[in-house]
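Tertiary structure, described
So you can see what is in the structure, the chains are spelled out below.
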Amino acid sequence: MFPRGRLAFFVTSNLHKFNEARQVFSEYKVATAMLKIKAVEIQDDNLENIAKASAIDAVKTCGLPIIVEDAGLFIEALNGFPGPYSSYVYRTIGTIGILKLMKNVDKRDAYFQSVVAFNSPEEAPKCFHGKAKGKISLEERGSLGFGFDPIFEPSGGGNRTFAEMTTNEKNEHSHRAGALRKFAKWYTSGSKRRF
Ligand code: ITT
């Protein structure tokens, strides 16, 4: 029997994501372990469908209760691009490519969306959502974090990009922390639930 509500296995290959989750979970006294197993990542226009499919596949592989998280950057002037294709776009054109696409664009509103999917051998997957609104900066700033952090200024962050924030500071504003907190509240409140 696993200590439900006290331990969450996080299936991810991204150490930055894991460290962000570790800090959020410590607020709820939930320990977490990184499971670096290969979970399928389907192509879909909807982050929830992608996260759910990965969560189902991961449980098939490891037989444990797990979470996965899928996130994307949605830029309003680009009709939501790169959205669910953020990983591919980051690997191909990167932050500099996005800044080029945004050259001479005044309307720089964007948001990050995160979906945390919990799944276990005994339950159907359950999803938790988080969103961080902000703007695409005019240039890259900061060296912390990962991915599009150097070009994203979250609202209320004092014009700093995520890459200019410590993990704790990013967690005050981020899409991922929002979704993880919703999950942690649910996970720690279900003492009657079993695996
Ligand atoms: P997993 O192993 O957990 O899937 P990943 O790095 O592939 O890790 P995602 O598919 O969820 O993560 O994210 C897609 C891309 O979106 C990711 O490669 C980043 O470029 C970008 N991204 C997601 N969350 C971000 C964040 O908090 N800050 C900056 N960029 C982020």
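Residues numbered from 1 in each chain as written. Predicted model: local features only at pLDDT ≥ 70, side-chain atom pairs only at ≥ 80, totals over all residues. Heavy atoms only, no water.

1. Re the pairing of strand β3 (residues 66-75)
A large share of β3 lies buried, amounting to 9 of its 10 residues. In this structure, strand β1 (residues 7-11) lies alongside β3, joined through 2 bridges in parallel fashion. The partner of F9 across the bridge, within β3, is I66. Relative to strand β5 (residues 109-120), β3 runs antiparallel, the two sharing 10 bridges. Bridge pairing in β5 links A71 to S114. Following β3, the chain reverses through 5 residues before pairing antiparallel with strand β4 (residues 81-83); N79 in that reversal takes a positive phi of roughly 55°. (Buried < 20%, exposed > 50% of the residue type's maximum accessible area, 1.4 Å probe, protein only. Helix = DSSP H or I, 4+ residues; strand = E, 2+ residues; numbered from the N terminus. Pairing = 2+ DSSP bridges.)

2. Overview of the side chain of S137
Tracing the backbone through its elements, the reader meets S137 in the loop between β6 (123-136) and β7 (152-154). A relative accessible area of 1% means that S137 is categorised as buried. A distance of 2.7 Å separates a polar side-chain atom of S137 from the backbone oxygen of E139. Those residues in contact with S137 that sit more than four places away from it in its chain are L99, R108, P150, I151, F152, E153 and T161. (Polar contact = N/O pair within 3.5 Å; in protein donor to acceptor, adjacent residues only side chain to side chain. Contact = heavy atoms within 4.5 Å.)

3. Side note on the nonpolar core
Nonpolar side chains in soluble globular proteins tend to be buried together. Counting residues in each nonpolar core, the largest one holds 19 residues, and the members touching the most others are F25, I67, V116, F118, L180, F183 and Y187. For this core, the secondary structure elements donating two or more residues are β1, α1 (15-26), β5 and α6 (175-189). Here this core takes 7 residues from α6, the largest share from any one element. If we ignore the near neighbours within four places in the chain, the residues touching F183 are A8, F25, I67, V116, F118 and F128. In this structure, L47, A58, V68 and A117 belong to the second largest nonpolar core, which totals 17 residues. (Core = buried A, V, L, I, M, F, W, Y, C linked by side-chain atoms within 4.5 Å.)

4. Some points on the packing of aromatic side chains
Counted by the stated rule, this structure contains 14 aromatic pairs. Note on F183 and W186: the rings are 6.1 Å apart at their centroids and 45° apart in plane angle, and the pair reads as tilted. In this pair, F183 and W186 both sit in helix α6, 3 residues apart, roughly one turn of the helix. This pair shows no difference in class: F183 is buried, exactly as W186 is. Through successive ring pairs, a cluster of aromatic residues spans F25, F118, F128, F183, W186 and Y187. Over the face of the ring belonging to Y111 we find K131, whose NZ or CZ atom lies 4.2 Å from the ring centre. For K170, the ring lying beneath its charged end belongs to F162, and the centroid distance is 5.2 Å. (Phe/Tyr/Trp six-rings, centres within 6.5 Å; stacked < 30°, edge-to-face > 60°. Lys NZ or Arg CZ within 6 Å of the ring centre and 35° of its normal.)

5. Section: the pairing of β5
A large share of β5 lies buried, amounting to 10 of its 12 residues. In this antiparallel pair of consecutive strands, β5 and β6, the connection spans 2 residues.

6. Overview of the pattern of salt bridges
This structure, assessed with the given rule, holds 14 salt bridges. Residue E20 is joined to R176 by a salt bridge in which the shortest nitrogen-to-oxygen separation is 2.7 Å. With E20 in helix α1 and R176 in helix α6, this pair connects stretches of sequence that are 156 residues apart. Comparing E20 with R176, the two get one shared label, buried. One salt bridge connects D109 with K135, and the closest N-O pair in it is separated by 3.3 Å. One end of the pair, D109, is in strand β5; the other, K135, is in strand β6, with 26 residues separating them in the sequence. (Salt bridge = Lys/Arg side-chain N within 4 Å of Asp/Glu carboxyl O.)

Treat this as a map of the structure, not an account of what it does.
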